[in-house]
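Letter by letter, the chains look like this.
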Amino acid sequence: MKKIGIASDHAGYEMKEFLVGYLQAKGCEVFDFGTHSPESVDYPDYAHPLAEAVEQGEVDLGIGLCGSGEGMAMTLNKHQGVRAGLCWIPEVAELIRLHNNANVLVLPARFITNDEAVRLVNTFFETAFEGGRHEQRVAKMALK
């Protein structure tokens, strides 16, 4: 059973709730880092706990959502053990796993539908890191 962490701000709240139910129905163990209502909040307050769970191995993969996805991605990527990629089409979700070994999928909740989100999540989870020539590149991402 995959352990999936998920976090959103208010703009991503409804899609997050939808995805939590979808993932649980698929048999995933979901760790919901909030937000837990549509009231206005600051995305870093939810991105940081998700990133820490990814870094500490408490979850296998993560999903972050906010309006554009940009703020969530920027905040998640402040963490050394996180490789978060913003996706809006399945091809990007596949490439960030194949070439970048991304461990957090970031979704722009104001710009995609729930059905599109499901396609992105499925592509992200079903794609494995290709390794090989990409391993050296991924290793160079970390600060020294």
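The coordinates are above.
Residues numbered from 1 in each chain as written. Predicted model: local features only at pLDDT ≥ 70, side-chain atom pairs only at ≥ 80, totals over all residues. Heavy atoms only, no water.

*Asks:* Could you clarify how one ought to interpret the nonpolar core in this entry?
*Replies:* The tendency in soluble globular proteins is for nonpolar side chains to be buried as a group. Membership of the largest hydrophobic core comes to 26 residues, with the highest contact counts inside it found for Leu-19, Ile-63 and Leu-107. Sorting the residues of this core by element identifies β1 (3-8), α1 (13-25), β3 (61-66), α4 (90-98), β5 (104-108) and α5 (114-126) as the ones contributing at least two each. Per element, the largest residue contribution to this core is six residues, and it comes from α5. Setting aside its immediate chain neighbours within four residues, Leu-19 contacts Ile-6, Ile-63, Leu-65, Leu-107, Ala-117, Val-118 and Val-121. Val-59, Met-72, Ala-73 and Val-82 belong to the second-largest nonpolar core, a separate cluster that totals 18 residues. (Core = buried A, V, L, I, M, F, W, Y, C linked by side-chain atoms within 4.5 Å. Buried < 20%, exposed > 50% of the residue type's maximum accessible area, 1.4 Å probe, protein only. Helix = DSSP H or I, 4+ residues; strand = E, 2+ residues; numbered from the N terminus. Contact = heavy atoms within 4.5 Å.)

*Asks:* Would you mind showing me how to read the pairing of β1 here?
*Replies:* Every regular strand shows the same layout, with side chains that alternate between the two sheet faces. Taken across its six residues, β1 has five buried, putting it largely inside the fold. Summarising the sheet, β1 and strand β2 (residues 29-32) pair through four bridges and their orientation is parallel. Looking across to β2, one finds that Gly-5 is bridged to Phe-31. Once you follow β1 into α1 and on to β2, the crossover reads as right-handed. Where β1 meets β3, five bridges bridge the pair, whose relative direction is parallel. Bridge pairing in β3 places Ala-7 opposite Gly-64. (Pairing = 2+ DSSP bridges. Right-handed = clockwise from strand over helix to strand, strands pointing away.)

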